[in-house]
Amino acid sequence: MNIVVCIKQVPDTETQIKIASDNKSIVTDDIKWVMNPYDEFGVEEALRLKEKFGGEVTVVGLGPKRVTESLRTALAMGADKAVLITDDALEGSDSLAVAKALAAAIKDLEYDLIFTGQRGVDDDMGVAGASLAELLGIPHVALAVKVEVAEDGKSVKVHRPVEGQTLVIESGLPVLITAQKGLNEPRYASLPGIMKAKKKPLDEKSLSDLGLDSAQFGQEGRKVKVLELTPPPERAAGKIVEGETPQEKAAELARLLHEEAKVI
Amino acid sequence: MDFALTDEQKMFKEQVIRFATKEIKPRCQEHDLKGEFDFESFRKLGEFGILGLHFPEHLGGSDADVMTCVVAGEALGEAGLDGGLTLAYGAHTFLCADTIFAHGTQAQQEKYIPDLASGEKIGCMGLTEPGAGSDVASISTRAEKRGDRYVLNGSKMFITNGPIADVAVVYAKTDRDQKHAGISAFIVEKGTPGFSAGKPLNKMGVRSSHTSELIFEDCEIPAENLLGQEGAGFLMAMRTVEWDRSTLMAPFVGGMTYVLRRCVRYALERHQFGRPIAEFQAIKHKLAEIKIFIEAARSLVYRIAWCKDQGRPLNHLEAAVAKLFIGDWSLGPANDAVTLHGGYGYCHEYEVERNFRDSRLAPIGGGTSEITKKIISKLI
Ligand SMILES: Cc1cc2nc3c(=O)[nH]c(=O)nc-3n(C[C@H](O)[C@H](O)[C@H](O)COP(=O)(O)OP(=O)(O)OC[C@H]3O[C@@H](n4cnc5c(N)ncnc54)[C@H](O)[C@@H]3O)c2cc1C
């Protein structure tokens, strides 16, 4: 079973995000970049399936050179090969353009399954996975929390939570599945894994290597534009409910919830 | 000289920090306060490969160099693990397992190292005695050869992991008339008749590590449990002490980085006199001094690791300097970290008081500062 996992690099969720002076983007100077957490679930699932069925796991990333680090992390976890699509012209591309570049890099690989995260934790668009499936002409099953590949390796059942229930969807292969929290607990890379990753192949491809026209990418090629990025509103200070007795405090709390917060 | 970590070391450090932060850190405070050893975390350290990092793969290790061990130890500290757990790891891996690895026969290595590397078994090392601490050559535990066995009599004191260890490396006199040259090292297994451990001592710091007495009463062990040659024990202990002063210190240096991060955050958030306390020069100076300590301490610890990786087997002077600096000079910054937090610093929640308690061991364990200075002065 050959599996492709797409990897996006995003700011660490612990990073304090600052909005840049253009009010449309973030300051990237002091950011710690990590693998998108949802993509990590994809890597882990792919590795588990490989352990069961054999085959190869290829990770595909897109972005500046620093993305290599996240690809190496996936290799250290146990993936076999990596492809980095990197090209100055990609800077500022929207999700559809990203999906186009990914499709061009993936279409000639052998794959039975493709995993992407259900969304990137940076822009929260949630479009790349579905678009990629569409461009490759394969089915797409979103928000997987459980993936069961049939023993004969020909079909897959995917579980997705829907409003407290579970929807089980079956698909033939190849299929693209987007990973959701709860799918698994990603492993940590061990030292031997990290040392082995050093020697695993990592191919770099530019847009022209993939036969793509750079005019369709970057800011110019965007079909959707970011107008504004605003910080969350400042939180008002908390309030301590005063009172001599628990009864008094409860009455005061009820009054505040009713009159000030207007929630009851 | 290249001070940069390799890409692989950097990635490993990240992974160790992530692992320790998520899997172990949430359990530390409870174990510290109760003075209980955290078996589950210890096993997790084994599963992750930390306990056997520098052993060869066929013995369950990862073939890491000393520098990588130091980086891993530092990462455990940076993740905010308590000094008790990291001391338990250090005593287990470097004082016990490494002594067996470095001086044991192939049969001894194969018998003990894999289980110690995985954490399946816990190790300890017994050198100090109730009546012999700094004056190592005066230990009085005896090992008498009788046929194909040695019979041990005596006791050890302050032994980290003593009450929970499955495997003990024990130093005893095979020749009572000699000083250093009369000391030999043995492997003693838990359950051997005549071998017992005392109750865990109630300590100021490193509370989640168990420390106790070890007691030997006509404890018979097979002669094959001798490590290396008779009389070579003191040199082995000296080699071990060098690990003690590098890899065991690394979590401590990392711990100060963790503490500094907490201090910076607190200084920015805490307001007095209408502004963050970080704006007061006295507070800024404390932060600067903690940072200076970390940078200097890290360089000294890295340097020993570097020397060892260059194939210099013994680096007494470098090790003693690092030990002394970290032991004595950390007390000021550890104290400042508490002060900077005001009354909150005196409470468990902010962890700086735990770091303060844990730090107090550094000028005592593995050779006191007075003894370390004695060594340095002799070597210069
Ligand atoms: C938490 C903890 C864990 C430990 N773990 C282990 C372990 O796993 N294995 C192990 O073998 N040991 C262990 N030790 C023991 C430790 O190494 C000793 O406590 C240390 O070496 C000091 O010995 P001592 O306590 O007998 O003090 P002493 O040697 O009695 O010293 C008392 C004081 O006298 C000073 N002094 C002694 N001689 C001189 C001199 N010549 N000149 C000037 N001053 C001198 C000392 O510096 C000290 O201030 C541990 C100790 C602690 C507290």
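Note that the structure is a prediction, hence the values are computed from the model and not measured. (Residues numbered from 1 in each chain as written. Chains lettered and ligands numbered in written order. Predicted model: local features only at pLDDT ≥ 70, side-chain atom pairs only at ≥ 80, totals over all residues.)

Participant: An account of the overall build of chain B is requested, with residue identities and associated values reported.
Facilitator: A count of helical and extended segments in chain B gives 13 helices and ten strands. Relative to the 2.2 N^0.38 estimate, which gives 21 Å for 380 residues, the radius of gyration of chain B is 21 Å and therefore close to what a compact globule would have. In terms of overall dimensions, chain B has C-alpha extents of about 80 × 45 × 40 Å along its principal axes. Out of the 380 residues in chain B, the part that is buried amounts to 54%. If you take every contact in chain B between residues at least 6 apart in sequence, the share linking residues at least 24 apart comes to 75%. (Helix = DSSP H or I, 4+ residues; strand = E, 2+ residues; numbered from the N terminus. Rg over C-alpha atoms; globule rule 2.2 N^0.38 Å. Buried ≥ 20, exposed ≤ 12 C-beta atoms within 10 Å, placed from the backbone. Contact = placed C-beta atoms within 7 Å.)

Participant: Could you give an account of the domain arrangement of chain A, naming the residues involved and the relevant values?
Facilitator: By a widely used convention, the size of an interface equals the accessible area lost when the partners come together. By the assigned domains, chain A splits into domain 1 (3-216) and domain 2 (234-264). A separation of 47 Å is found between the C-alpha centroids of domain 1 of chain A and domain 2 of chain A. (Domains from an automatic or database assignment.)

Participant: I'd like a rundown of the site of the ligand, residues and numbers included.
Facilitator: Residues and elements named next belong to chain B. Contacts to the ligand come from 23 residues, most closely from Leu127, Gly133, Ser134, Thr368 and Glu370. Sorting the residues of the shell around the ligand by element identifies helix H4 (83-103), strand S1 (123-126), strand S3 (149-160) and helix H13 (369-379) as the ones contributing at least two each. Here the shell around the ligand is built from residues that sort into ten nonpolar, ten polar and three charged. A domain-level breakdown of the shell around the ligand finds at least three residues from each of domain 2 (124-233) and domain 3 (245-379). (Near = placed C-beta within 6 Å. Nonpolar A, V, L, I, M, F, W, Y, C, P; charged D, E, K, R; others polar.)

Participant: Before we move on, can you summarise the interface of chain B and chain A with the specific residues and values?
Facilitator: Taken together, the contact between chain B and chain A spans twelve residues of the former and eleven residues of the latter. Residue contributions to the side of chain B that touches chain A peak at six residues, all from helix H1 (residues 7-34) of chain B. Grouping the constituent residues of the side of chain B that touches chain A by class yields six nonpolar, four polar and two charged.

Participant: Can you break down helix H3 (residues 66-78) of chain B residue by residue, with the values?
Facilitator: Over its 13 residues, H3 of chain B runs 18 Å from end to end, which matches the ideal 18 Å to within 8%, given 1.5 Å per residue. All of the buried residues along H3 of chain B are Val66, Thr68, Cys69, Val70, Val71, Ala72, Gly73, Glu74, Ala75, Leu76, Gly77 and Glu78 of chain B. Tucked into the core, H3 of chain B has its buried residues touching helix H5 (191-197) of chain A together with H1, H4, helix H7 (250-269) and helix H8 (281-309) of chain B. Remark: Gly80 of chain B follows H3 of chain B within two positions and exhibits a positive phi of approximately 90 degrees. (Expected span 1.5 Å × (residues − 1).)

Participant: Can you tell me about the environment of Phe356 of chain B, naming the residues and giving the values?
Facilitator: All names here are of chain B. Structurally, Phe356 can be placed in helix H12 (residues 352-359). Residues Phe356 and Val259, spaced 97 residues apart in sequence, show a C-alpha to C-alpha distance of 10.0 Å. Setting aside residues no more than four positions away along its own chain, Phe356 makes contact with Ala334, Asn335 and Val338.

Participant: Report on unusual backbone geometry, specifying residues and quantitative values.
Facilitator: The residue after Leu173 of chain A, namely Pro174 of chain A, is reached through a cis peptide bond having omega -5 degrees. Tracing the backbone through its elements, the reader meets Pro174 of chain A in the loop between strand S10 (165-172) and strand S11 (175-179). Within the chain, Asn23 of chain A stands out as a residue other than glycine whose phi angle is a positive 60 degrees. Mapping Asn23 of chain A onto the fold places it in the loop between strand S2 (9-11) and strand S3 (33-35). Note on Asn23 of chain A: 12 C-beta atoms within 10 Å, which makes it exposed. In the Ramachandran plot, Phe273 of chain B falls in the positive-phi region, its phi being about 50 degrees despite a non-glycine side chain. Here Phe273 of chain B lies in the loop between strand S9 (271-272) and strand S10 (275-276).

Participant: So what's going on with the pairing of S10 of chain A? Which residues, and what values?
Facilitator: Residues and elements named next belong to chain A. Among the eight residues in S10, zero count as buried, and that is only a small part of the element. As paired strands, strand S9 (residues 155-162) and S10 are joined by eight bridges and run antiparallel to one another. Paired with Val156 across the strands is Ser171, a residue of S10. Where S9 folds back onto S10 in an antiparallel hairpin, the turn is made up of two residues, including Glu163, whose phi is positive at roughly 45 degrees. (Pairing = 2+ DSSP bridges.)

Participant: Tell me what's going on with the domain arrangement of chain B, and back it up with residues and numbers.
Facilitator: Residues and elements named next belong to chain B. Considered domain by domain, chain B is made up of domain 1 (7-122), domain 2 (124-233) and domain 3 (245-379). The centre of domain 1, based on its C-alpha atoms, is set 21 Å off from the matching centre of domain 3. Every contact between the two is made by 21 residues of domain 1 and, on the other side, 21 residues of domain 3. Looking at the side of domain 1 that touches domain 3, the elements that each hand over two or more residues are H1, H3 and H4. A per-element tally of the side of domain 1 that touches domain 3 places H3 first, with ten residues. Counted by class, the side of domain 1 that touches domain 3 contains nine nonpolar, seven polar and five charged residues.

Participant: Provide a residue-level description of the sheet that holds S11 of chain A, including the pertinent values.
Facilitator: Residues and elements named next belong to chain A. Pairing in this open sheet of seven strands is parallel, and the strands run S7-S11-S6-S1-S4-S5-S12 from one edge to the other. The outermost strands of the open sheet, each flanked by one partner alone, are strand S7 (140-144) and strand S12 (202-205). Sheet twist, expressed as the average angle between the axes of neighbouring strands with direction ignored, equals 20 degrees. Across the sheet, helix H3 (residues 95-106) lies against strand S1 (3-7), strand S4 (57-62), strand S5 (81-85), strand S6 (113-117) and S12, angled at about 145 degrees from S4, the strand it touches most. (Axes fitted to C-alpha atoms, helices over the stretch in contact; angles between N-to-C directions.)

Participant: Help me get a handle on helix H4 (residues 128-136) of chain A, residues and values and all.
Facilitator: All names here are of chain A. Turning to H4, its buried residues number three or more, namely Ala128, Gly129, Ser131, Leu132 and Ala133. For H4, the elements touching its buried residues are H3, S6, S7 and S11. Positive phi shows up at Gly137, right after H4, with a value of about 70 degrees.

Participant: Break down the nonpolar core for me, citing the residues and quoting the values.
Facilitator: Counting 180 residues, the largest nonpolar core has Val5 and Ala74 of chain A together with Phe186 and Val301 of chain B as the members making the most contacts within it. Top element by residues in this core is H4 of chain B. It accounts for eleven residues. Setting aside its immediate chain neighbours within four residues, Phe186 of chain B contacts Ala143, Tyr150, Val170, Ala172, Ile221, Asn225, Leu226 and Leu227 of chain B. (Core = buried A, V, L, I, M, F, W, Y, C linked by C-beta atoms within 7 Å.)

Participant: I'd like a rundown of the confidence of the model for chain B, residues and numbers included.
Facilitator: Of the residues in chain B, 100% reach a pLDDT of 70 or more, and the chain-wide mean stands at 95. Predicted complex metrics record ipTM = 0.88 and pTM = 0.90. (pLDDT = per-residue confidence, 0-100.)

Participant: So what's going on with the environment of Asp2 of chain B? Residues and values would help.
Facilitator: Within the secondary structure, Asp2 of chain B sits in the segment before H1. Separated by 325 residues in sequence, Asp2 of chain B and Gly327 of chain B place their C-alpha atoms 26 Å apart.

Participant: Summarise the sheet that holds S9 of chain A; cite the residues concerned and give the values.
Facilitator: All names here are of chain A. Strand order in the open sheet made by the three strands is S8-S9-S10, with antiparallel pairing throughout. Each edge of the open sheet is held by one strand with a lone partner, namely strand S8 (146-149) and S10. Along the sheet, successive strands turn relative to each other by an average axial angle of 20 degrees, direction set aside.

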